Amino acid sequence: MATSTSWSTATVAEVDRPDGRLARVRLDVADRVAHRPGQHYVVRLRAPDDYTAQRSYSIASDPADPLVELMVERLPDGEVSGHLHDVLEPGDQLEVRGPLGGDWFTWAGETTAVAVGGGSGIVPIVSMLRYAARTGQADRLRVIAVGRSLDELPYAEELLAAGAFVALTRENLGSRVAAPPYPEEVRDLVDLPTPAERAYVCGSVGFASFATRVLGEAGMRVSEIRVEQFGASG
Amino acid sequence: MPVTRGFTGKRRGEAAGRSDRLPPGQYDVGREWPTLTAEATPHLDPEHWSITVDGLVEKPVTWSWRELHALPGDAYFGDIHCVTTWSRFDVTFAGVSVDVLLEAAGPLPEAAYVMAHSTTGYTTNLPIADLTGGKAWVVWEADGKPLSDEHGGPVRLLVPHLYFWKSAKWVTRLELMARDRPGFWEQNGYHDRGDPWLEQRYQGDP
């Protein structure tokens, strides 16, 4: 398994902040180890007196991309995300460690899979989707992307263009009225054209529990559902 | 390693008074309790749940939910630390000391490691020394409330001096072993022991 265990230095090649809520950070990583779609990096910030803060971010880029792309959501009062949003510029250097996460939440075409991402939980699935497109395996990965609105869903345009099923919960999309994915919509993607062998779910705690339930109702075996969830729970 | 241009660390003020309790690289998450789970969250009926201590023991023992509650109870009050960098201070857990369970089963002299197993298939490995001497519990209550499904209810392992992935949720079996063997996250790149004070996060850390 490809797991880099030491820290290395990354130079910021590009930063875009399309809407102030998401920052797309593209990094040139020294001594880079190739990742598998679905893995993540840890980013560590260091103050002049050696105080550090670190957080994990999913990789959005295809492994063949010469740069590592992270999509960072700004969290309220976020110490690391706040810096990446407010201060970071091309040419800055960051400490990074990765790729991390082993093979559990990764997909490189071994199975036919359905991947369900909620909000920024779509980021690792974008890496899978880009990999699938490049390697000609788009038919083996079905993506369900759930967001409140098109503006708030990272990579919305790219997902739609790649044929992902996009469900918006707060605004209509074409003829689809705002709602979470309906069981029959999920069942179609789980079953057709052949039943999916595995499912990936990434999103908040509430979203992950919703998505695993709907996948279960759609006939996905619980043991074949792999979950990556983040955020707080009571 | 390079200093990050423009970074001063805005959480530092909050952490200052508690720096003796905050391991390196961690931040105080306050009263939130984040969850990180690799599998779908199961809903387990306590009436059909049990926990077994087996492997290298004199006699394997299984306790039902009711039998476990009949054992002398114990509680932990203190801090927990997740490898994803949050720490939560002053949490109360109630349950039973792992010492009580091990004593009933009688570990054989060659038992040096334990694999904790969950209903989901999740596993995590620990040196037996990290589970004995009042350092580990099997718990069913957090902050006075029954442990919720997403936090491992009805019962989870609690090993608060190690990163929290060692505190296996939905625990049903403690298997005593002579040799160490990696569990789920350990096979996926996490450290074999996971001491937060030594920042043993990933394989290859000290």
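Refer to the structure printed above.
Residues numbered from 1 in each chain as written. Chains lettered and ligands numbered in written order. Predicted model: local features only at pLDDT ≥ 70, side-chain atom pairs only at ≥ 80, totals over all residues. Heavy atoms only, no water.

Caption draft 1: Region of interest: the overall build of chain B. A count of helical and extended segments in chain B gives four helices and 11 strands. The globule rule puts the C-alpha radius of gyration for 206 residues at 17 Å, and the 17 Å found for chain B is close to it. With respect to the principal axes defined by its C-alpha atoms, chain B has extents near 60 × 35 × 30 Å. For chain B, with 206 residues in total, the buried portion stands at 56%. Contacts in chain B between residues far apart in sequence, at least 24 positions, make up 67% of those at least 6 positions apart. As presented, chain B carries roughly 8400 Å² of accessible surface, and 54% of it is formed by carbon and sulfur atoms. Charge centroids of chain B, computed over 20 positive and 28 negative side chains, lie 7 Å from each other. (Helix = DSSP H or I, 4+ residues; strand = E, 2+ residues; numbered from the N terminus. Rg over C-alpha atoms; globule rule 2.2 N^0.38 Å. Buried < 20%, exposed > 50% of the residue type's maximum accessible area, 1.4 Å probe, protein only. Contact = heavy atoms within 4.5 Å. Areas by Shrake-Rupley, 256 points an atom, 1.4 Å probe, with all protein chains shown as cover. Lys, Arg positive; Asp, Glu negative; His and termini not counted. Charge placed at Lys NZ, Arg CZ, Asp CG, Glu CD.)

Caption draft 2: Seen up close, the overall build of chain A. Looking only at helices and strands, chain A has five helices and 11 strands in total. Whereas a compact globule of 234 residues would reach a radius of gyration of roughly 17 Å, chain A reaches 17 Å, a difference of no more than 12%. Principal axes of the C-alpha set define a box for chain A whose edges measure 55 × 35 × 35 Å. Residue burial in chain A is summarised as follows: out of 234 residues, 58% are buried. Taking the intrachain contacts of chain A between residues at least 6 apart in sequence as the baseline, contacts between residues at least 24 apart amount to 67%.

Caption draft 3: Examining the pairing of strand 6 (residues 93-100) of chain A more closely. Residue and element names in this part refer to chain A. Of all eight residues making up strand 6, seven are buried, and the element is well covered by its neighbours. With five bridges joining them, strand 1 (residues 7-16) and strand 6 adopt antiparallel strand pairing. Each residue of the ladder has a partner; that of Ala 10, found in strand 6, is Leu 94. Taken together, the four bridges between strand 3 (residues 40-46) and strand 6 define a ladder with antiparallel strand orientation. Following the sheet pairing, Val 43 is matched in strand 6 by Val 96. (Pairing = 2+ DSSP bridges.)

Caption draft 4: Inspection of the sheet that holds strand 3 of chain A at higher detail. Residue and element names in this part refer to chain A. Judged by pairing direction, the sheet is antiparallel, and its six strands sit side by side in the order 4-3-6-1-2-5 without closing on themselves. Only two strands of the sheet have a single partner each, and these edge strands are strand 4 (52-58) and strand 5 (68-73). The average angle at which neighbouring strand axes cross in this sheet is 40°, direction not considered. Examined bridge by bridge, strand 1 and strand 2 (residues 22-29) share six bridges and lie antiparallel to one another. Within strand 2, the position partnered with Asp 16 by the bridge is Arg 24. The strands touched by helix 1 (residues 79-86) within the sheet are strand 1, strand 2, strand 3, strand 4, strand 5 and strand 6, with strand 4 carrying the most contacts at an inclination of about 80°. (Axes fitted to C-alpha atoms, helices over the stretch in contact; angles between N-to-C directions.)

Caption draft 5: Structural view of the pairing of strand 7 (residues 123-127) of chain B. All names here are of chain B. Burial within strand 7 is extensive, with five of its five residues counted as buried. The alternating pattern of strand 7 places Thr 123, Asn 125 and Pro 127 on one face and Thr 124 and Leu 126 on the opposite face, and all of these are buried. Hairpin connection, strand 6 (residues 113-118) to strand 7: the antiparallel pair is bridged by four residues, and Gly 121 has positive phi, about 100°.

Caption draft 6: Main features of the side chain of Arg 156 of chain B. Residue and element names in this part refer to chain B. Structurally, Arg 156 can be placed in strand 10 (residues 156-158). It turns out Arg 156 is buried and unbridged, and the closest side chain with the opposite charge, Glu 150, is 10.0 Å from it. Once you skip the residues sitting within four places of it in the chain, Arg 156 turns out to touch Trp 33, Trp 137, Val 138, Val 139, Leu 147, His 151, Phe 164, Ser 167, Ala 168, Lys 169, Trp 170 and Val 171. (Salt bridge = Lys/Arg side-chain N within 4 Å of Asp/Glu carboxyl O.)

Caption draft 7: Structural detail: empty space enclosed by the protein. Counted under the stated rule, the structure contains three cavities of 30 Å³ or more. Size it by volume and the largest cavity reaches roughly 280 Å³. Lining the largest cavity are 23 residues, with Leu 36, Arg 156, Phe 164, Trp 165 and Lys 169 of chain B positioned closest to its centre. The calculated volume of the second largest cavity comes to roughly 40 Å³. The wall of the second largest cavity is formed by Val 116, Ile 144, Pro 181, Val 186, Phe 210, Ala 211, Val 214 and Leu 215 of chain A. It is helix 5 (residues 205-217) of chain A that provides the largest number of residues to the lining of the second largest cavity, a total of four residues. Each residue belonging to the lining of the second largest cavity can be placed in one class, and the counts come to eight nonpolar, no polar and no charged. (1 Å grid on protein atoms, 1.4 Å probe; cavity = no way out; pocket = protein on both sides within 12 Å on 5 of 7 lines; lining within 4 Å. Points joined across faces, edges and corners; volume = space filled by probe spheres on them. Nonpolar A, V, L, I, M, F, W, Y, C, P; charged D, E, K, R; others polar.)

Caption draft 8: Region of the structure containing the packing of helix 4 (residues 183-191) of chain A against helix 5 of chain A. Residues and elements named next belong to chain A. Interhelical geometry of helix 4 versus helix 5 gives an angle of 65° and a closest axis separation of 9 Å. The angle between helix 4 and helix 5 falls in the class roughly perpendicular. The crossing of helix 4 and helix 5 is right-handed. For the pair helix 4 and helix 5, the contacting residues are Pro 183, Val 186, Arg 187 and Val 190 in the first and Val 214, Leu 215 and Glu 217 in the second. Tallied by class, the residues present in the contact of helix 4 with helix 5 amount to five nonpolar, no polar and two charged. (Parallel < 35°, antiparallel > 145°, perpendicular 65-115°, else oblique. Left-handed = near helix turned anticlockwise from the far one by under 90°.)

Caption draft 9: Layout of the state of the cysteines. Tallying each qualifying case throughout the model produces zero disulfides over all chains. Looking at the unpaired Cys 202 of chain A, the closest cysteine sulfur is the one in Cys 82 of chain B, lying at 15 Å. (Disulfide = S-S within 2.5 Å.)

Caption draft 10: Molecular detail of the sheet that holds strand 2 (residues 50-55) of chain B. Residues and elements named next belong to chain B. Within the open sheet, the five strands sit side by side as 3-2-11-6-7. Their pairing is mixed. Two strands close off the open sheet at either side, each with one partner strand: strand 3 (61-64) and strand 7. On average, each strand axis in the sheet is tilted by 15° relative to the strand beside it, whichever way the strands run. As judged from the six bridges shared by strand 6 and strand 11 (residues 171-177), these two strands associate in the antiparallel manner. Opposite Ser 118, over in strand 11, you have Val 171 as the bridge partner. Sitting on the sheet, helix 3 (residues 98-105) touches strand 2, strand 3 and strand 11, and the angle it makes with strand 3 is about 135°.

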